[in-house]
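# Topology and contacts: notes
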Amino acid sequence: MNLADKVLAVNNDLPIRTDAPVHSGKVRSVYWLTETDSKRLIEEKGYDVPSDTSLAIMVISDRISAFDCIWSGENDMRGVPGKGAALNAISNHWFNLFKEKGLADSHILDIPHPFVWIVQKAKPVMIEAICRQYITGSMWRAYTKGERDFCGIKLPEGLAKDTKLPELLQTPSTKGILEGIPGVPAVDDVNITRKNIEDNFAAFNFKSVDDISLYEKLLTEGFEVISTALANIDQVFVDTKFEFGYVKDAAGNDKLIYMDEVGTPDSSRIWDGEQYRAGKVVENSKEGFRQLLLNTFPDPDILLNKDRMDEREALARDNKLPLSVLMDVSKTYIDIAEKITGKKIVLSDNPKAEIVSILREQYQLID
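This one's a predicted model, so the numbers in the text were calculated from it and none came from an experiment. (Residues numbered from 1 in each chain as written. Predicted model: local features only at pLDDT ≥ 70, side-chain atom pairs only at ≥ 80, totals over all residues. Heavy atoms only, no water.)

Another aspect to go through is the nonpolar core. Residues Ile-57, Trp-71, Phe-98, Tyr-215, Phe-242 and Phe-244 are the most contacted members of the largest nonpolar core, which totals 98 residues. Looking at this core element by element, the count peaks at 9 residues for helix H2 (residues 83-100). With residues up to four places along the chain from it excluded, the contact list for Trp-71 reads Ile-64, Ser-65, Ala-66, Phe-289, Leu-293, Phe-297, Leu-303, Leu-315, Ala-316 and Leu-321. Grouped together as the second largest cluster of nonpolar side chains are 10 residues, Ile-135, Ala-142, Phe-150 and Leu-169 included. (Core = buried A, V, L, I, M, F, W, Y, C linked by side-chain atoms within 4.5 Å. Buried < 20%, exposed > 50% of the residue type's maximum accessible area, 1.4 Å probe, protein only. Helix = DSSP H or I, 4+ residues; strand = E, 2+ residues; numbered from the N terminus. Contact = heavy atoms within 4.5 Å.)

Here's what the structure looks like:
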């Protein structure tokens, strides 16, 4: 079996029993289970949710997305070996730690396979909840152009690139395109202020205005839990994106939870602590891959300018990356996952066959 066979590149074609279309994102695919199967699993597995809760199988892939495009490599490498398992392992670790610390639950009910979560249906809060501890990336680029107001927060003069901010900043943006919110352009991923959220909390799917403070508390506390744990393995937690949603508890009450993924190399910047103290930024996250792409192609504006999306998609489609690049990314993901979890990431020989076997034999979700 060659290396490409160990990569799960296509994850929306599993024969899981469902009566709804499969939702496939850049990295994950979601299979909504039938009402009968949801009820059966809740009873058989003892999931702590109401009996009428909708369940889904969420399958991660090894695809790698950057600048809103999927990238692939030579030798039919359509993903990064170990990436999916590493991302899930890291998220699982942080979600468990949040629960231990009494912060909040996640949407995950069960983990049948390193690539698979069984999740309960959540109503997402329509906010990309971003926390920043250092000034870098898009914030630094805007700062160099004279911007000092970020999401209603005033930044001081004299900040230097890649340095720690005076305080942890929450700089939220919209999740998806939201129509009809005064002062908020109807485009994806636009920065918003706390006042935008307060004045239109229902449009962002908050149940009450008081839940805004709860989301901010969970955001700050979650960031601090991860930052402290990473510091213990000499890693710097630079910035990250959280997502939140509402689910029903066993008594039928709404509760705000963490969802999607958390504290991963895909959703965060993580720097090597020793190198940072020596004055050098070494990325232990996807940001290193992003920087490589920016330095590889002669016109980096194609990757940064949303108005040039057609050119960007052509760039990703027509350029197969060297195998060495994808293997370097694989090492980054696997190494940081093993440092965080303290456990080995084992590559599956045939992840799709393993998933099908487990979901058929142990969960009776495949005929």
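Here we come to the pairing of strand S3 (residues 55-60). For a regular strand, side chains alternate in direction, first toward one face of the sheet and then toward the other. Burial runs high along S3: 6 of the 6 residues are buried. On S3, burial covers both faces: Leu-55, Ile-57 and Val-59 on one face and Ala-56, Met-58 and Ile-60 on the other are all buried. As paired strands, strand S2 (residues 28-32) and S3 are joined by 5 bridges and run antiparallel to one another. Looking across to S3, one finds that Ser-29 is bridged to Val-59. Taken together, the 5 bridges between S3 and strand S7 (residues 116-120) define a ladder with antiparallel strand orientation. The partner of Ala-56 across the bridge, within S7, is Val-119. (Pairing = 2+ DSSP bridges.)

On to the side chain of Thr-174, then. Looking at the element boundaries, Thr-174 is found in strand S13 (residues 173-174). Among the polar contacts made by the side chain of Thr-174, one reaches the main-chain carbonyl oxygen of Val-187 at a distance of 3.3 Å. For Thr-174, the contacting residues outside a window of four places in its chain are Met-126, Glu-128, Val-184, Val-187, Asp-188, Asp-189, Val-190, Ile-192 and Phe-204. (Polar contact = N/O pair within 3.5 Å; in protein donor to acceptor, adjacent residues only side chain to side chain.)

Glancing now at the packing of H2 against helix H5 (residues 210-231). Closest axis-to-axis distance for the H2/H5 pair is 10 Å, and the angle between their directions is 115°. Remark: the crossing between H2 and H5 carries right-handed chirality. On H5, the residues touching Trp-94, Leu-97 and Phe-98 of H2 are Gly-222, Val-225, Ile-226, Ala-229 and Leu-230. Partitioning the contact of H2 with H5 into residue classes produces 7 nonpolar, 1 polar and no charged. (Axes fitted to C-alpha atoms, helices over the stretch in contact; angles between N-to-C directions. Left-handed = near helix turned anticlockwise from the far one by under 90°. Nonpolar A, V, L, I, M, F, W, Y, C, P; charged D, E, K, R; others polar.)

Turning to helix H3 (residues 137-144), its buried residues are Gly-137, Met-139, Trp-140, Ala-142 and Tyr-143. Its buried side turned inward, H3 meets strand S9 (127-134), strand S10 (149-150), strand S12 (164-170) and strand S16 (268-272). Just past H3, the residue Gly-146 takes up positive phi, approximately 100°.

Contact pair H2 / helix H10 (residues 323-341): the axes reach a minimum separation of 9 Å and the direction vectors enclose 25°. Classified by the interaxial angle, the pair formed by H2 and H10 is roughly parallel. Between H2 and H10 the crossing geometry is left-handed. Residues Lys-83, Ala-86, Leu-87, Ala-89, Ile-90, His-93 and Trp-94 of H2 touch H10, and the partners they reach there are Tyr-333, Ile-334, Ile-336, Ala-337, Ile-340 and Thr-341. Among the residues forming the contact of H2 with H10, the class breakdown is 10 nonpolar, 2 polar and 1 charged. (Parallel < 35°, antiparallel > 145°, perpendicular 65-115°, else oblique.)

This paragraph deals with the packing of aromatic side chains. Any two aromatic rings considered together are summarised by their centre-to-centre distance and by the angle between their planes. Taken as a whole and assessed by the stated rule, the structure comprises 14 aromatic pairs. Judged by centre distance (5.5 Å) and plane angle (50°), the ring pair of Phe-206 and Tyr-215 falls under tilted. Neither Phe-206 nor Tyr-215 differs from the other in exposure class; each is buried. Plain terms: the ring middles of Phe-242 and Phe-244 are 6.3 Å apart, the flat faces sit at 15° to each other, and that makes the pair stacked. For Phe-242, a relative accessible area of 0% gives the class buried. Of the aromatic side chains, those joined through ring pairs into one cluster are Phe-98, Phe-206, Tyr-215, Phe-242, Phe-244 and Tyr-258. The ring centre of Tyr-143 lies 3.7 Å from the NZ or CZ of Arg-148, which sits over that ring. Note that Lys-207 overlies the ring of Tyr-246, its terminal NZ or CZ placed 5.5 Å from the centroid. (Phe/Tyr/Trp six-rings, centres within 6.5 Å; stacked < 30°, edge-to-face > 60°. Lys NZ or Arg CZ within 6 Å of the ring centre and 35° of its normal.)

Per the stated rule, a full pass over the model turns up 0 disulfides. In this model Cys-131 remains outside any disulfide bridge; the closest cysteine sulfur is found in Cys-151, 11 Å from its own. (Disulfide = S-S within 2.5 Å.)

What follows is about a nonpolar patch on the surface. Taken together, the side chains of Leu-3, Met-327 and Leu-347 present a nonpolar region at the surface, about 190 Å² in accessible area. Mapped onto the elements of the fold, Met-327 is located in helix H10. (Patch = residues over 30% accessible without salt bridge, like charges linked within 9 Å, V, L, I, M, F, W, Y side chains within 5 Å. Areas by Shrake-Rupley, 256 points an atom, 1.4 Å probe, with all protein chains shown as cover. Salt bridge = Lys/Arg side-chain N within 4 Å of Asp/Glu carboxyl O.)

Let us look at the sheet that holds S7. An order of S1-S2-S3-S7-S6 is seen for the 5 strands of this open sheet, with the pairing classed as antiparallel. The open sheet terminates on both sides in strands that have one partner only, identified here as strand S1 (23-24) and strand S6 (108-113). Strand direction decides the pairing type here: S1 and S2, joined by 2 bridges, are antiparallel. Counted as the bridge partner of Ser-24 is Ser-29 from S2. The sheet strands contacting H2 are S2, S3, S6 and S7, and the helix crosses S7 at an angle near 45°.

What follows deals with the pattern of salt bridges. Where charged atoms of side chains with opposite charge meet at close range, the side chains can pair. In the structure shown here, the tally under the stated rule is 34 salt bridges. For Glu-311, the salt bridge is made with Arg-308, and the minimal N-O distance between the two is 2.9 Å. Taken together, the shared-partner salt bridges connect Arg-17, Asp-37, Arg-40, Glu-44 and Asp-367 into one network.

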